[in-house]
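Understanding the architecture of this molecule
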Amino acid sequence: MDNKAIAGILYETADLLEIDGQDSFRVRSYRNAAQAIEALPQQVANLIEEPKKLLEIPGIGKGMVANLQHLFKEGTVEVHAELLKKYRPSMLELLKIQGLGPKTIALIWSAYQVSDLDGVEKLAREGKIRTLPRMGEKHEQKLLKAIEDYRRIGGRFLLDVAEELAGKLVEHLLAAPGVEKVTPAGSLRRGRETVGDLDILVTGKACAQAEARQEMVEHLLRFPGLMEVIAQGENKISFRQRNGMQVDVRLLPPESFGAAMQYFTGSKAHNIALRQRALKMGYTLSEYSLADLETERPVAGKSEEEIYSKLKLDLIPPELRENLGEIEAAANHELPELLVLADIRGDVHMHTVETDGRNTIEEMAEAARDRGYQYMAITDHSKNLAFANGLTDERALAHIERIRAAEKKMKGIRIFAGIEVDILTDGALDLSDSVLEQMDIVIASVHSQFNQDRDTMTERLLKAVANPNTSVIGHPTGRLLLRRDAYPFDLDKVLVAAAKHKVAMELNAYPDRLDLCDVHLRMAKQHGVKIVINTDSHHTSHMEKLHYGVTQARRAWLTKDDVLNTLPPQRFAKAMKHGW
Ligand code: DGT
Ligand code: CA
Ligand code: CA
Ligand code: ZN
């Protein structure tokens, strides 16, 4: 169990104690301990045999050490387990609703003994919340709206969260005896920008024989962070993780594994279209096999390749399976040769300690070189972004000097001098032309005044695109996944202008941006606008997020030719000066 998981349990305990009406001192002691453990550089797991060292951590007393020891020995924190039993795990989900804190939840519980989202929603609809002390009709309406918002986006998770959980689960399952193959399917395998639930497919001897299967399921249920089992059947186990994510695990015989991979990867729309094609060719397609329509004899099922090939289709990469023309393209052998991570030769949007990054130019450059890049660019913020300590003209010039000096010193990687310059409210760029002209790459981004009306925002972006110093528009729509919508503007118009001025659009690969998104990337390609895929790293460890961008680019049918940072350094530099 890692520190993050331990802190999670302690935070929950604090919330549950508060709901339970216990004294604030006790509540705070759990919250403080959680914070301390979250920030701890070494793992609690390594200190658990040394209570003295644990006691040295500020915010951790004898009682908390006992809790931690119990957690490592028995797998639970006692008071946490007791309270979860009393209120049921569904109570924790209530805390995620905007405006619903422990105090209100406690009120609802004491009046109605309701502790789940559906129950609370029903109470609100029946007008039973407004009658509670210190509540009213307004509160009730707000609550209903908050539940609606939560249902709309709250049930989904960012791609990196889903991928990390899937990775751990795959590893956990592979450690069970008799398990041969474990694969994530569903939206995660298709690389959708957010994931609703995880679909995990398992095959091997452990799926075929009752006793082995029992043992495997028991092993599965010991997965760290598993909170409650939702359903358990012969071939499928569904459970919910502590972070709220639902996981569906399916146990499959080897002869159906390919058919199940195909079916559960989806998308639903792709599956329906594929099944129609199968029927026309005299087959039925199901999660078990591709079978002859008349005799019902399976003709394929072990692998996806086999199924697509029997249907006279080239193998369709999972990212394309959305019924957006991929089946026709596969039938005509016209699927594009999609971009792959290895095509990317440089990451060209990153920040350093000079503004709001956490590493130096040299540290970032070394990390980029270690990833095998031929080039990279330092693009710190400009002065309009005051809270990020953005650069003035003078500081920007001095920073260019530092970047050039680092470039001279470093072997094995080209360091471009760049800037992420704010697009001001009127569309002007935040630094002088004479400074911007000296940059190898100018990423122009909107970081303020997101609430302008559509026409004003469109004009603002058009002006930035037309600026001769602009090479790339950074995170063009400004959205933050599951948090903030894109600002309104006419993307079509901006793309037309970008094609004319040869200004590239960024695909910001950071998992809570993925901006431009797949649909917009496809639009960009249709307009003949080139893409630059960046991580926007603020720390060396962020650079590995680039693959999320590559996945979105693949979903948009992009090839190497559509992406400028696949070019060798000289040609890339030229492209940043409108030379593409
Ligand atoms: P999510 O979980 O909302 O991010 O999206 P998916 O695509 O993972 O959807 P999910 O988990 O409901 O189902 C997994 C796959 O199973 C889905 O992509 C396609 C397949 N599937 C589910 N329901 C149906 C259905 O009614 N018909 C067909 N043909 N396929 C289905
Ligand atoms: Ca799913
Ligand atoms: Ca599912
Ligand atoms: Zn930015």
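These numbers come from a predicted model, not from an experiment.

Now for the site of ligand 1. Taken together, the neighbourhood of ligand 1 is formed by 16 residues, with Arg156, Ser187, Arg190, Gly196 and Asp197 sitting nearest. Between ligand 1 and Arg190, the relevant distance is 3.0 Å, taken from an oxygen atom to a side-chain nitrogen or oxygen of the residue. The contact in question runs from an oxygen atom of ligand 1 to an N or O atom on the backbone of Gly196, over 2.8 Å. Protein burial of ligand 1: of its 590 Å² of free accessible surface, 73% is covered by the chains. Mapped by element, the contributors of at least two residues to the shell around ligand 1 are α12 (186–190), α15 (257–265) and α16 (268–280). Of the residues that make up the shell around ligand 1, three or more belong to each of domain 2 (157–252) and domain 3 (261–331).

The next point concerns the pattern of salt bridges. Counting across every chain of the model gives 29 salt bridges. One salt bridge connects Lys86 with Asp20, and the closest N-O pair in it is separated by 2.8 Å. Of this pair, Lys86 sits in helix α6 (residues 78–87) while Asp20 sits in the loop between α1 (3–19) and α2 (24–38); the two residues are 66 residues apart in sequence, bridging distant segments of the chain. Residue Asp20 is classed as partly exposed on the basis of its relative accessible area, which comes to 22%.

Of the residues making up α6, those classed as buried are Val79, His80, Leu83, Leu84 and Tyr87. One face of α6 carries all of its buried residues, which in axial projection span an arc of 135 degrees. Facing away from the buried side of α6, by more than 90 degrees, are the exposed residues Glu82 and Lys85. Where α6 is buried, its residues touch α1, α2, α7 (90–94) and α8 (102–112). Looking one or two places after α6, you find Arg88, whose phi comes out positive at around 70 degrees.

By definition of the ideal shapes, four donors in a tetrahedron about a metal sit 109.5 degrees apart, and six donors in an octahedron sit 90 or 180 degrees apart. Only Asp197 (O), Asp197 (OD) and Asp199 (OD) from the protein coordinate the calcium ion (ligand 2), and they sit 2.2 to 2.5 Å from it. Overall, the relative accessible area of 25% leaves Asp197 in the partly exposed class.

Let's shift gears to the pairing of strand β16 (residues 504–508). Most of β16 is tucked away, with five of its five residues classed as buried. Covered by surrounding structure in β16 are Ala504, Glu506 and Asn508 together with Met505 and Leu507, the residues of both alternating faces. Where strand β15 (residues 472–473) lies against β16, two bridges are found, and the strand directions are parallel. In the sheet register, Val472 faces β16, and the bridge partner there is Ala504. Note on the crossover from β15 through helix α23 (residues 491–501) to β16: the handedness is right-handed. Viewed along the sheet, the connection from β16 through helix α24 (residues 518–526) into strand β17 (residues 531–534) turns out right-handed.

For the zinc ion (ligand 4), every protein donor is listed as Glu420 (OE), His447 (NE2) and His475 (NE2), and the spread of their distances is 2.1 to 2.2 Å. According to the relative accessible area criterion, His447 is buried, its value standing at 16%.

This part covers the environment of Asn451. Residue position: Asn451 is located in the loop between β14 (441–445) and α22 (454–466). Here Asn451 falls in the exposed class, since its relative accessible area comes to 67%.

The subject of this paragraph is the sheet that holds strand β2 (residues 181–184). The strand order β2-β4-β7-β6-β5 describes an open sheet built from five strands, whose pairing is mixed. Both outer strands of the open sheet, β2 and β5 (226–232), are each paired with one neighbouring strand and no more. The mean angle between the axes of side-by-side strands here comes to 20 degrees, regardless of whether they run parallel or antiparallel. In this structure, β5 lies alongside strand β6 (residues 236–241), joined through five bridges in antiparallel fashion. Bridged to Val229 within β6 is Phe239. Each of β4 (198–203), β5, β6 and β7 (246–252) touches helix α14 (residues 210–221); the most contacted strand, β5, lies at about 145 degrees to it. Strands β2, β4 and β7 of the sheet are contacted by α15, whose axis makes an angle of about 175 degrees with β4.

A few words on the domain arrangement of the protein. Splitting the protein by domain gives domain 1 (3–153), domain 2 (157–252), domain 3 (261–331) and domain 4 (341–575). When each unit is reduced to the centre of its C-alpha atoms, the spacing between domain 2 and domain 3 is 24 Å. With eight residues of domain 2 at the interface, the matching set in domain 3 holds 10 residues. Both sides of the domain 2 and domain 3 interface together cover about 890 Å² of buried area, and 57% of this is carbon and sulfur. For the domain 2 face of the interface with domain 3, the top three residues by lost area are Arg189, Arg190 and Leu201, together amounting to 66%. For the pair domain 2 and domain 3, the number of links is two salt bridges.

So, how was this worked out
Residues numbered from 1 in each chain as written. Chains lettered and ligands numbered in written order. Predicted model: local features only at pLDDT ≥ 70, side-chain atom pairs only at ≥ 80, totals over all residues. Heavy atoms only, no water. Near = heavy atom within 4 Å. Polar contact = N/O pair within 3.5 Å; in protein donor to acceptor, adjacent residues only side chain to side chain. Areas by Shrake-Rupley, 256 points an atom, 1.4 Å probe, with all protein chains shown as cover. Helix = DSSP H or I, 4+ residues; strand = E, 2+ residues; numbered from the N terminus. Domains from an automatic or database assignment. Salt bridge = Lys/Arg side-chain N within 4 Å of Asp/Glu carboxyl O. Buried < 20%, exposed > 50% of the residue type's maximum accessible area, 1.4 Å probe, protein only. Arc of directions from axis to C-beta. Contact = heavy atoms within 4.5 Å. Donors = N, O, S within 2.8 Å, 3.2 Å for Na, K, Ca; no water. Pairing = 2+ DSSP bridges. Right-handed = clockwise from strand over helix to strand, strands pointing away. Axes fitted to C-alpha atoms, helices over the stretch in contact; angles between N-to-C directions. Buried area = accessible area lost by both parts, 1.4 Å probe.

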